Amino acid sequence: MTESALTPGIVAGRMGADQYAANFSDLHPPLDHHEALVAADRCYFCHDAPCATACPTDIDIPLFIRQIATGTPDAAAKTILTQNIMGGMCARVCPTETLCEEVCVRETAEGKPVEIGNLQRYATDVLMAKDVHPFTRAAATGKRVAVVGAGPAGLSCAHRLAMLGHEVTVYDARAKAGGLNEFGIAAYKSAGDFAEKEVQWLLKIGGITIETGKALGMGLEMSQLQADFDAVFLGIGLGGVNALGVVGEDKDGVLDAVDFIAELRQSSDLSGLPVGRDVVVIGGGMTAVDAAVQAKLLGALNVSLVYRRGRDRMNASQFEQDLAASKGVRIITNASPVAVHGNGSVREIEFEYSDDDLTPTGQTFRLPADQVFKAIGQTLEGSNLPALEGRKIAVTETGRTSVSGVWAGGDCASGGDDLTVTAVAEGRDAAMDMHAQLMTAAG
Amino acid sequence: MANLTTDFIGIKSPNPFWLASAPPTDKEYNVRRAFEAGWGGVVWKTLGSEGPPVVNVNGPRYGAIWGADRRLLGLNNIELITDRPLEVNLREIKQVKRDYKDRALIISLMVPCDEESWRDILKRIEDTEADGVELNFGCPHGMAERGMGSAVGQVPEYIEMVTRWVKKYSRMPCIVKLTPNISDVRKPAEAAKRGGADAVSLINTINSITSVDLDDYAPEPMIDGKGTHGGYCGPAVKPIALNMVAEIARNPETHGLPISGIGGVTTWRDAAEFMTLGAGNVQVCTAAMTYGFKVVQEMISGLSDYMDRKEMTSTSELIGRAVPNVTDWQYLNLNYVAKAKINQDDCISCGRCYAACEDTSHQAIEMSDDRVFTVKDDECVACNLCVNVCPVEDCITMERVAPGKLDERTGAVVSEEYANWTTHPNNPGATCAAE
Ligand SMILES: Cc1cc2nc3c(=O)[nH]c(=O)nc-3n(C[C@H](O)[C@H](O)[C@H](O)COP(=O)(O)OP(=O)(O)OC[C@H]3O[C@@H](n4cnc5c(N)ncnc54)[C@H](O)[C@@H]3O)c2cc1C
Ligand SMILES: Cc1cc2nc3c(=O)[nH]c(=O)nc-3n(C[C@H](O)[C@H](O)[C@H](O)COP(=O)(O)O)c2cc1C
Ligand code: SF4
Ligand code: SF4
Ligand code: SF4
C-alpha cells in the first residue's frame, strides 16, 4: 500500500486489504440461532399487527416470528416469501425504521422494536442456505408474458406469473439481472454476491427466460412485444439522473452517484477502485447517503454531504443520517451548489446558503473537492411509453397503464415509495391482475 | 428492616426461607455456603437406611419447560434420595449444625415401610443435634416403585402409622412432607395429624412428563431411548401448591396445623403468598437450583420491605392472613359487578386484549380503525382475560360498578346486598331467603 487517506487526488488503494474487507462487510451482521430465538421471543403476536400493515408486501410478521420462535424457520421463510419473493433482499435493505419497525408496538412501549428485519433475514437465510425453492408452478396456461426490466419489480412479477403457470421472458438492458439490487444498493447492505444468488434462487421456479442486453426502445419495441406476447409488464426503473444545472458541471470528477455506486458494486477488488481525498456528495436521499458513506469506506479523507434544505426534509431516514454521521460523513444543510471550479478537473465546489424555502441568502462558501457525486434524483427515461402521471408511468392500484395489455410497477410507475419492497409488491400485484385478466380472456 | 425471625414448631430460624430437601442440601460443602448466603434453614437431602446407598441414573435426570427468553418455568427430575453413604451424611450434618446453631437443620428421611427400619434410622440420627425430621412421603418416581415416598404418601393409613412410629421412637419435632399426587390433599394431612405430626410440609413434586423427543419418540429426560415420569417443580407448580396449602389451612380438621409451604417459591412475593395462606415458613428448591444460593437475599430484602410497608413487626402477623378469605365458589358475591377499563395512556395498541375477548367468548372490546381499543360496558362480563393477556402491566384494570349504578350489560341496577349462589333463583337447591 503506497497510498493513504492523505494522498491528494483520485487514487485507489488508500487502505490495507483487511480494512476494505471490514468496511464492506454486513452492516447488520446476521443473527445466529440463539440471537434469533431471543429476538423472536419479544414479539407479542399482535392482533391485526401494525407491523404487517406497514409492510408494503403485507408479510404476516407475527406469524413468521412465531414460526421462528417455535423452531420452524423454514415455515417462517415460506410465510415471508409467499408475500415477498425478495424477502431476503428486503430483510437487508428495507428502511425498517420507517416501515414495520417504526410501528412495532414494542417501539411504542420501550423505544426498541422487535428486530423484524433481522429476523426476516434469519429465516430466509436458513431456507436459502439449503438451496430449497419452496414454490412450484401451476399447470401451464399457455400464456406468454413479456417483462421489461429485471429489477425487483420485474422479477417479482415474473416469479408470480411463472408460479401461476405462465411462460415469462424478462428483458433487461444491462448485462446482468437484478436491477438496483445488483447495481444500486449499498455494498454493506447486500454483502457478498447476495443479489446475484437471490436471482438464481428465484429463477428456480422455472418458466422464466432472462434476456440481458435487450433494451426497450433500442431494438426491442413496444409494438413488437404487444404482438408477440399476451401481456407486457414494464419495470424499467428510473434510468436517467437529474442534472445540477450549474456552471462547471461538465468538469472531470463530477459524476452521477448511481454510476459510482454501480461501479463499486461490480468491482471485484475494491482496493483497485479509485476515490478522491476530498469528496462532496450533493443530495439528501438514500442514494446520497450511500454514495457518501461508501466513499468514506473506500478511504476518502473528507466526505461532505450537502443538502439544499433542512435535515428534517431529507429523504434519508434518521437512521441513514446517523449512519452517515457515524462513518464520519459531514452533513451540511441549507446549501445549494452554484458553481464547480477547477481547471479541467474539479478542484472546488461553491455553495450558497439558502433558507428552508430555498431563498438564497447571498452567503457562499467553497469546499475542496477531487470528486463530486450528484444524487439529486433519478428520472424515467424512454419514449413510446404509456401515458405519464407527473414524471412516471400512470398506473392503477393493480398496475394497469393507459395501454390495454400493458402493466407497469416499481420505480417507473406512479404511486408508492421508491423502495425495493414497494417494487416487489407492485410487481406481484400486477402479476395477479394480469393472471386474472389472462384467464378470463381465456375462459 | 422488619424482623424475619420465625419459630416453626419450636424451631427457630433467622428468616422463614429454608432450602427444601434436594440436591442443594445434599452435602456439607453446599449447606455451609447456603447458610453463608443467608438461608434461614435447610432440610437435608433425604437419607435412606443403613447399607449400600441408592444409585442414580447416569444420563440426564432433569427435564424442563421454559417461558420467554428461556426462563425456566418448570423443572422435572428423576433423581432419587441421597446417593451418599449414611455415615458421611450424618457426620457432615453434625459438623454443620455445630457451626450454625442459629439456623434450622432438619433431616429428611425415607426408609422402608416397617417399624424396625424407622426405629433404626431414628436412632442413627439421634446425636446429630439436628432440629427435627421431615418424613419424605412425596417422591413420586423411583422410590415409589420400591414402596416408599409417594407410595406411602398416597395411603393415609400408612402416613398415620409411620408418623406414629416416628413420634414413638424420637423426641424430635416431626414434619410430614406430603405428595400432591393425590386427589384430596386434606386426607393425608389429617392422617399426619392423627399420627402426631407436628407439622406438614407441601408440596413435593408432581408426576409429570415435560416433553417428548420428536426424533426418538421418547419422553425427556431420555436415557438410552427411554424415559420415565418425573417430579415436577418450579414456578409452574406454585398455583397447585398454594391451593393445597390453603385447603389444609381452612379445613376444620387440620386448621392450625403448622405448614411449611413448598412449591415454586422463587421470589419474596411467592413466599409472602404462601405465608398468608397459612404457611409458617417456606422451602425452596428450584429457585436455588436455577439461580444459586444468592436468590435468598432478594427474598429477605423483599419480604422485609413488604412487612415494613404493611407495618408488620413479626412474620406471625402475616401467617394465615388470607385464610379467612379463601372460600367456596358458592359463597362468592354475585352482586359484585366490575368492568374492564383500558388506560389509553399506557396502551401500546397490540390488540391482544381484542383477540382474546373476541375469540374467547364475549366480544366486549372494540377496535377502531386507528387501533384504539375500548371496552364495551354493555358486553363486558369482567372475566379478567384481557388483563391477563395484556403485555403492559396495570394497563387494563377491573373497575367495580358501584352499587346503585346501572350494569349496562344486564340493564339492572347493581344491588348493594351480598347475594350468592345458595340463594340464587336459578339454583334448584336454593334456600329462598324470603321463605
Ligand atoms: C443508490 C440507491 C440506493 C438505494 N437503496 C435502497 C435501499 O437501501 N432500500 C430500498 O428499499 N431501496 C433502495 N433504493 C431504491 C430501490 O433500489 C428501488 O426502489 C428499486 O430497485 C426499484 O425497483 P425496480 O424494479 O422498479 O427498478 P430497478 O431496480 O431500477 O430495475 C430496473 C431494471 O430495468 C432495466 N431497464 C431500464 N430501462 C430499460 C429499458 N429501456 N429496457 C430494458 N431494461 C431496462 C434496468 O437495467 C434495471 O435492471 C436505492 C436506490 C438507489 C439508486
Ligand atoms: C432434583 C430434585 C431432587 C429432589 N429430591 C428430594 C428429596 O430427596 N427429598 C424430598 O423430600 N424432596 C425432594 N425434592 C422435592 C423438593 O424438595 C421440593 O419439594 C420440590 O422441588 C418443590 O419445590 P420447588 O418448586 O421450590 O422446587 C427434589 C426436587 C428436585 C428438583
Ligand atoms: S408489532 Fe411488533 S410485537 Fe406486534 S406483531 Fe409486529 S413485530 Fe410483533
Ligand atoms: S373482562 Fe373479559 S369480557 Fe370484559 S373486556 Fe376483558 S376479556 Fe372481555
Ligand atoms: S392488550 Fe393492553 S396494550 Fe394491547 S391493545 Fe389491549 S390494552 Fe392495549
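Residues numbered from 1 in each chain as written. Chains lettered and ligands numbered in written order. Predicted model: local features only at pLDDT ≥ 70, side-chain atom pairs only at ≥ 80, totals over all residues. Heavy atoms only, no water.

1. Considering the overall build of chain B
Link 1 in the chain: Assigned secondary structure in chain B consists of twelve helices and 24 strands.
Link 2 in the chain: Summarising its shape, the C-alpha atoms of chain B cover approximately 75 × 60 × 45 Å along the three principal directions.
Link 3 in the chain: Of the accessible surface of chain B, which amounts to about 20,500 Å², a share of 49% is contributed by carbon and sulfur atoms.
Link 4 in the chain: If the 44 positive side-chain charges of chain B are averaged to one point and the 60 negative ones to another, these points end up 7 Å apart. (Helix = DSSP H or I, 4+ residues; strand = E, 2+ residues; numbered from the N terminus. Areas by Shrake-Rupley, 256 points an atom, 1.4 Å probe, with all protein chains shown as cover. Lys, Arg positive; Asp, Glu negative; His and termini not counted. Charge placed at Lys NZ, Arg CZ, Asp CG, Glu CD.)

2. Observations regarding the interface of chain B and chain A
When the parts of a complex come together, some accessible area is lost, and that lost area is often used as the size of the interface.
Link 1 in the chain: With 14 residues of chain B at the interface, the matching set in chain A holds ten residues.
Link 2 in the chain: In terms of surface lost to chain A, no three residues of chain B exceed Ile348, Arg352 and Arg371 of chain B, which account for 46% of the buried area on that side.
Link 3 in the chain: If you look at where chain B meets chain A, you find zero salt bridges.
Link 4 in the chain: In terms of residue count, helix H11 (residues 352–360) of chain B provides more of the side of chain B that touches chain A than any other element does, three residues in total.
Link 5 in the chain: Among the residues making up the side of chain B that touches chain A, the classes are represented as seven nonpolar, three polar and four charged. (Contact = heavy atoms within 4.5 Å. Buried area = accessible area lost by both parts, 1.4 Å probe. Salt bridge = Lys/Arg side-chain N within 4 Å of Asp/Glu carboxyl O. Nonpolar A, V, L, I, M, F, W, Y, C, P; charged D, E, K, R; others polar.)

3. Side note on the UniProt feature "domain: Dihydroprymidine dehydrogenase" (unreviewed entry) in chain A
Link 1 in the chain: Those residues carrying the UniProt feature "domain: Dihydroprymidine dehydrogenase" (unreviewed entry) are residues 22–130 of chain A in this numbering.
Link 2 in the chain: A distance of 27 Å separates the end C-alpha atoms of residues 22–130 of chain A, which is 61% helix and 0% strand. (UniProt positions renumbered as here; feature names shortened; annotations may be inferred.)

4. Examining the domain arrangement of chain A
Residues and elements named next belong to chain A.
Link 1 in the chain: Entries for chain A in the domain assignment read domain 1 (33–129), domain 2 (144–239 + 380–442) and domain 3 (242–377).
Link 2 in the chain: Put simply, the middle of domain 2 and the middle of domain 3, counted by C-alpha atoms, are 31 Å apart.
Link 3 in the chain: With 16 residues of domain 2 at the interface, the matching set in domain 3 holds 14 residues.
Link 4 in the chain: In total, domain 2 and domain 3 occlude about 1,000 Å² of area from one another, counting both sides; carbon and sulfur atoms represent 44% of this.
Link 5 in the chain: For the domain 2 face of the interface with domain 3, the top three residues by lost area are Phe183, Tyr188 and Lys189, together amounting to 45%.
Link 6 in the chain: Counting across the domain 2 and domain 3 interface gives two salt bridges.
Link 7 in the chain: In this structure, Asp290 and Lys189 form a salt bridge, with 3.9 Å as the shortest nitrogen-oxygen distance. (Domains from an automatic or database assignment.)

5. Concerning the site of ligand 1
All names here are of chain A.
Link 1 in the chain: Close to ligand 1 lie 34 residues; Val93, Asp172, Lys189, Leu216 and Asp411 are nearest.
Link 2 in the chain: Here a nitrogen atom of ligand 1 and a backbone polar atom of Ala173 are 3.1 Å apart.
Link 3 in the chain: If ligand 1 stood free it would expose 990 Å²; the protein chains cover 93% of that surface.
Link 4 in the chain: Elements that contribute at least two residues to the shell around ligand 1 include exactly helix H10 (152–163), strand S5 (215–216), helix H14 (257–266), helix H15 (286–297) and helix H17 (420–442).
Link 5 in the chain: Considering each element in turn, the shell around ligand 1 owes the most residues, three residues, to H15.
Link 6 in the chain: When the residues that make up the shell around ligand 1 are grouped by side-chain class, the tally is 17 nonpolar, ten polar and seven charged.
Link 7 in the chain: When residues of the shell around ligand 1 are assigned to domains, at least three map to each of domain 2 (144–239 + 380–442) and domain 3 (242–377). (Near = heavy atom within 4 Å. Polar contact = N/O pair within 3.5 Å; in protein donor to acceptor, adjacent residues only side chain to side chain.)

6. Some points on helix H16 (residues 318–326) of chain A
Think of an α-helix as 3.6 residues a turn; residues three or four steps apart then line up on the same face.
Residues and elements named next belong to chain A.
Link 1 in the chain: If you check which residues of H16 are buried, you get Glu320, Gln321, Leu323 and Ala324. Down the axis of H16, the sector holding all buried residues measures 160°, keeping them to one side. The outward face of H16, more than 90 degrees from its buried face, is lined by the exposed residues Gln318 and Ser326.
Link 2 in the chain: Packing partners of the buried residues in H16 comprise H15 and strand S13 (330–332).
Link 3 in the chain: Backbone geometry just downstream of H16 places Gly328 in the positive-phi region, at approximately 95°. (Buried < 20%, exposed > 50% of the residue type's maximum accessible area, 1.4 Å probe, protein only. Arc of directions from axis to C-beta.)

7. Topic: the UniProt feature "domain: FAD/NAD(P)-binding" (unreviewed entry) in chain A
Link 1 in the chain: The UniProt record annotates "domain: FAD/NAD(P)-binding" (unreviewed entry) at residues 144–427 of chain A.
Link 2 in the chain: Measuring from the first to the last C-alpha atom of residues 144–427 of chain A gives 16 Å, for a span that is 25% helix and 30% strand.

8. Here's the deal with the nonpolar core
Residue and element names in this part refer to chain A.
Link 1 in the chain: Within the largest apolar cluster, 86 residues are counted, with the highest numbers of intra-cluster contacts made by Ile61, Phe64, Ile68 and Leu119.
Link 2 in the chain: Sort the elements by how many residues they give to this core and H17 lands first, with seven residues.
Link 3 in the chain: If we ignore the near neighbours within four places in the chain, the residues touching Ile68 are Ala36, Leu37, Ala40, Ala76, Leu119, Tyr122 and Ala123. (Core = buried A, V, L, I, M, F, W, Y, C linked by side-chain atoms within 4.5 Å.)

9. Overview of the pattern of salt bridges
Link 1 in the chain: For the structure shown, the criterion picks out 46 salt bridges over all chains.
Link 2 in the chain: Measuring nitrogen to oxygen at the nearest pair gives 2.9 Å for the salt bridge that ties Glu348 of chain A to Arg366 of chain A. Placement of Glu348 of chain A in strand S15 (residues 345–354) and of Arg366 of chain A in strand S16 (residues 360–368) is noted, with a sequence separation of 18 residues between them.
Link 3 in the chain: For Glu348 of chain A, a relative accessible area of 23% puts it in the partly exposed group.
Link 4 in the chain: A salt bridge links Asp328 of chain B to Arg250 of chain B; its shortest N-O distance comes to 2.8 Å. Of the two residues, Asp328 of chain B is situated in the loop between helix H10 (295–309) and strand S19 (338–342) and Arg250 of chain B in helix H7 (residues 238–250); the sequence distance between them amounts to 78 residues.
Link 5 in the chain: Judged by relative accessible area, Asp328 of chain B falls into the partly exposed class, the value being 30%.

10. Let's talk about the pairing of strand S17 (residues 259–262) of chain B
Residues and elements named next belong to chain B.
Link 1 in the chain: The two faces of S17 match: Ile259 and Gly261 on one face and Ser260 and Ile262 on the other face are all buried.
Link 2 in the chain: By the bridge criterion, three bridges tie strand S10 (residues 199–202) to S17 in an arrangement that is parallel. Directly across from Leu202, in S17, lies its bridge partner Gly261.
Link 3 in the chain: Summarising the sheet, S17 and strand S18 (residues 279–284) pair through four bridges and their orientation is parallel. Bridging across to S18, Ser260 finds its partner in Asn281.
Link 4 in the chain: Tracing the backbone out of S17, into helix H8 (residues 268–276) and back to the parallel element S18 gives a crossover that is right-handed. (Pairing = 2+ DSSP bridges. Right-handed = clockwise from strand over helix to strand, strands pointing away.)

11. Considerations on the state of the cysteines
Link 1 in the chain: In total, this model carries zero disulfides over all chains according to the counting rule given.
Link 2 in the chain: Among the cysteines around Cys94 of chain A, which has no disulfide bond, Cys90 of chain A carries the closest sulfur, lying 4.3 Å off.
Link 3 in the chain: Free of any disulfide, Cys395 of chain B has its nearest neighbouring cysteine sulfur in Cys390 of chain B, separated by 4.1 Å.
Link 4 in the chain: Residue class for Cys395 of chain B comes out buried when judged on its relative accessible area of 3%. (Disulfide = S-S within 2.5 Å.)

12. A few points about helix H12 (residues 194–203) of chain A
Link 1 in the chain: Of all the positions in H12 of chain A, only Phe194, Ala195, Glu198, Val199, Trp201 and Leu202 of chain A are classed as buried. Burial along H12 of chain A is one-sided: seen end-on, the buried residues are contained in an arc of 165°.

13. Side note on the packing of helix H4 (residues 61–69) of chain A against helix H5 (residues 73–83) of chain A
A pair of packed helices is characterised by two quantities: the angle between their axes and the separation of those axes.
Residues and elements named next belong to chain A.
Link 1 in the chain: In contact at an axis separation of 7 Å, H4 and H5 are set at 165° when each is read in the N-to-C sense. Relative to H5, the element H4 lies roughly antiparallel. Judged by the sense of rotation from one axis to the other, the crossing of H4 with H5 is left-handed. Of H5, the residues touching H4 (which contributes Leu63, Phe64, Gln67 and Ile68) are Pro73, Ala75, Ala76, Thr79 and Ile80.
Link 2 in the chain: When its residues are assigned to classes, the contact of H4 with H5 shows seven nonpolar, two polar and no charged. (Axes fitted to C-alpha atoms, helices over the stretch in contact; angles between N-to-C directions. Parallel < 35°, antiparallel > 145°, perpendicular 65-115°, else oblique. Left-handed = near helix turned anticlockwise from the far one by under 90°.)

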